[in-house]
Amino acid sequence: MPKVQEGTMVSNKTVHKVPQNMKTRAEVQQMSQLQEQGHTPYRIAQVLGCSRNTVVRYLRLQRWQPWLRRRCLAGLEDWLEECFLHHDGNAAVLVQELRRQHGLEVSLRTVERAVRPLRQRLRAARVACVRYETALDAQLQIDFGSKQVVIGEQRSRVFVFVATFSFSRRQFVAAYSDESQRSWFDGLERAFRHFDGVPRTVLMDNARALVSQPRRGNRPPVFHERLVAFAKYWGFEPRACKPHRAQTKGKDERSVGYVKSNAFAGHTFASWGALDRHLESWLQTVADRRIHGSTGVSPLERFALEQPMLTPVAGRPSFGAPTELVRRVSRDCAIVLVTNQYSVPWQLVGEQVRVTVTEELIRIFHQAQSVATHPRCRGRHQRQVDAAHFQGLGILDRPVQVVPTEESCIRSLAAYQQVVEELGR
């Protein structure tokens with residue numbers, strides 16, 4: 001069998017020459033026995049036919065080691081650290097660089113063993129951060145979270161808008177059926193009115209509804225044109241955190257978790273309106289008055305220092321004009337908007353109508369004449385019905401009863417199936 005030089009490659013594996021001073025387990029045990037009998041390391045070396053240093057090394061270990069291998073990377077510690085950090089912890093690249101720069105053929109496992117302490121430092125550096133206490137500069141952080149909630153005996157996914165002041169930690173919370181741009185803007189406007197003021201800056205993540213192009217390196221983010229117009233209208237500066245760096249707005253990230261675990265814990269709601277009222281009460285009685293773990297005072301008390309820095313809302317109307325859509329009246333005397341149905345006079349079945357959508361109302365027009373007005377449903381798969389829209393139809397045994405509360409948004413469609421069947425005849 002041909003001799004193999006130490007460090008040469010055979011079958012893609014590094015083969016090391018076994019040192020001549022390597023001893024078997026029995027020989028190491030014999031060293032310990034001779035030492036107990038009072039023999040010196042020099043005498044033990046003479047008996048076993050090895051060097052005195054080999055005996056001293058094994059006696060110091062006090063155990064048998066299969067291979068006292070010479071460190072092939074000795075003296076390269078500084079180079080390994082610099083190269084390891086430069087290549088973001090890729091040990092395979094270090095193997096290539098050792099071959100290219102130093103002419104060393106070592107195995108990947110040898111390199112990984114050598115850089116193990118460096119890898120622990122790199123892993124810690126990626127997650128470690130310095131706690132930054134925001135100064136009194138009227139910064140508002142916003143985010144959305146989602147939660148499965150029982151509303152009207154039906155399990156629904158609720159999108160929770162949370163706005164948190166960085167200094168005072170005072171919050172505003174609102175529930176929505178989606179995470180659209182309309183929901184972002186509505187949440188911000190409701191927060192401004194809740195705090196009775198507009199902050200100097202609003203820090204947000206890179207949601208597609210807000211940011212067209214996230215920040216890349218030194219290139220600033222590109223905000224959605226409607227967000228730019230919205231910010232100019234209300235007078236604040238939008239800021240986006242770095243992608244995949246949610247801790248940049250960590251105060252609001254933690255606030256979202258707090259809201260989901262506290263405000264929603266164990267609660268069910270008869271309607272979306274009941275959910276809104278619960279959140280409003282929770283903000284006043286719990287969130288504003290709790291002693292915050294970081295500041296040591298309640299958010300409401302700390303907000304007293306922050307509020308003078310806000311720009312007063314002063315009764316300013318909502319941003320943007322109402323949305324106008326065109327819909328065709330279906331056979332069940334209704335139009336459909338985002339899965340919700342709104343009744344229309346039965347005489348307009350099959351006709352096209354113009355729909356004006358605001359944050360609070362749905363207005364329906366036919367040939368420039370207003371034919372229906374409904375409160376806007378906050379959830380999905382709900383129905384708003386005006387009994388007057390069915391008068392004169394002559395197929396109902398009793399008029400449709402409408403409860404003038406938001407709870408009327410949630411009712412079974414079985415009550416209207418008879419209308420559909422009669423119209424089909």
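Scope of this entry: the structure provided in the associated data block. These figures come from a predicted structure and were not determined experimentally. Each chain has its residues counted from 1, running along the sequence as written. Only residues with pLDDT of 70 or above have their local features reported here, since the model is predicted, and side-chain atom pairs are shown and tallied only from 80 upward, although totals for entire chains, interfaces and linings are computed over all residues. Each side-chain value is derived from all of the structure's non-hydrogen atoms; neither hydrogens nor water enter the calculation.

### Re the overall build of the protein
Piece 1. A helix here means a DSSP run of H or I that spans at least four residues, while a strand means a run of E at least two residues long, and both kinds are numbered starting from the N terminus. Secondary structure assignment for the protein yields 13 helices and 16 strands.
Piece 2. Working definition: with a 1.4 Å probe on protein chains only, accessible area under 20% of the residue-type maximum means buried, over 50% means exposed, and in between means partly exposed. Across the 425 residues of the protein, 41% fall into the buried class.
Piece 3. Across the protein, contacts joining residues at least 24 apart in sequence account for 59% of those joining residues at least 6 apart.
Piece 4. Each accessible area is a Shrake-Rupley result for a 1.4 Å probe, and residues are judged covered by the shown protein chains and nothing else. Surface exposure of the protein reaches about 24,700 Å², of which carbon and sulfur atoms provide 49%. Whether two residues are in contact is decided by their heavy atoms: any pair within 4.5 Å suffices.

### Here's the deal with the sheet that holds strand 12 (residues 340-343)
Piece 1. Sheet architecture is open: three strands sit in the order 11-12-16, paired in mixed fashion. Because the sheet does not close on itself, it has two edges, and the strands there are strand 11 (334-337) and strand 16 (383-384).
Piece 2. Pairing between two strands requires that DSSP report at least two bridges joining them. The pairing of strand 12 with strand 16 spans two bridges and is parallel. Residue Gln 341 lies in a different strand from strand 16, and its bridge partner there is Arg 383.

### Thoughts on the packing of aromatic side chains
Piece 1. In this analysis, rings of Phe, Tyr and Trp, with Trp reduced to its six-membered ring, are considered paired at centre separations within 6.5 Å, and the interplanar angle assigns stacked below 30 degrees, edge-to-face beyond 60, and tilted for intermediate values. Under the counting rule described, the total for this entry stands at 16 aromatic pairs.
Piece 2. Look at Phe 144 and Phe 161: their rings are 5.5 Å apart centre to centre, the planes differ by 65°, and that puts the pair in the edge-to-face class. Residue Phe 144 is located in strand 3 (residues 139-151), and its partner Phe 161 is located in strand 4 (residues 154-165); the two are separated by 17 residues in the primary sequence. The pair Phe 144 / Phe 161 is uniform in exposure class, with both members buried.
Piece 3. Consider the rings of Phe 195 and Phe 303, whose centres lie 5.8 Å apart with planes at 40°: the pair is tilted. With Phe 195 in helix 8 (residues 181-195) and Phe 303 in helix 12 (residues 299-306), this pair connects stretches of sequence that are 108 residues apart. Considered together, Phe 195 and Phe 303 belong to a single accessibility category, that of buried residues.
Piece 4. Each member of the aromatic cluster is reached from another via a ring pair, and the members are Phe 185, Phe 192, Phe 230, Tyr 233, Trp 234, Phe 236 and Phe 319.
Piece 5. The rule for a charge over a ring is simple: NZ of Lys or CZ of Arg within 6 Å of the ring centre, and within 35 degrees of the ring normal. Over the ring of Phe 167 we find Arg 302; its NZ or CZ atom is 3.8 Å from the centre of that ring.
Piece 6. Arg 354 extends its terminal NZ or CZ atom over the ring of Phe 365, reaching a point 4.7 Å from the ring centre.

### Quick look at helix 2 (residues 41-48)
Piece 1. Listed as buried for helix 2 are Ile 44, Ala 45 and Leu 48. Across the axial projection of helix 2, the buried residues extend over an arc of 100°, all falling on one side.
Piece 2. Looking at the packing, one finds that the buried side of helix 2 touches helix 1 (25-36) and helix 3 (52-61).
Piece 3. Two residues or fewer past helix 2, Gly 49 is found with a positive phi of approximately 70°. Along the arc lie the directions from the helix axis toward the C-beta atoms.

### What about the pairing of strand 15 (residues 369-375)?
Piece 1. Where strand 14 (residues 361-366) and strand 15 come together, six bridges link them in antiparallel fashion. If you follow Leu 361 over to strand 15, its bridge partner there is Pro 375.

### Focus on the pattern of salt bridges
Piece 1. Any carboxyl oxygen of Asp or Glu that lies within 4 Å of a side-chain nitrogen of Lys or Arg is treated as forming a salt bridge with it. Counting across every chain of the model gives eight salt bridges.
Piece 2. For Arg 100, the salt bridge identified is with Glu 97, shortest N-O distance 2.5 Å. Taken together, the residues span about one helical turn, with Arg 100 and Glu 97 both in helix 5 (residues 91-102) at a distance of three residues.
Piece 3. Classification of Arg 100 by relative accessible area gives exposed; the value is 62%.
Piece 4. Residue classification places Glu 97 among the buried positions, given a relative accessible area of 12%.
Piece 5. Here Asp 288 makes a salt bridge to Arg 170, at a shortest N to O gap of 3.4 Å. Here Asp 288 is found in the loop between helix 11 (272-287) and helix 12, whereas its partner Arg 170 is found in the loop between strand 4 and strand 5 (171-176), with 118 residues between them in sequence. You'll find Asp 288 and Arg 170 in the same group, each marked buried.

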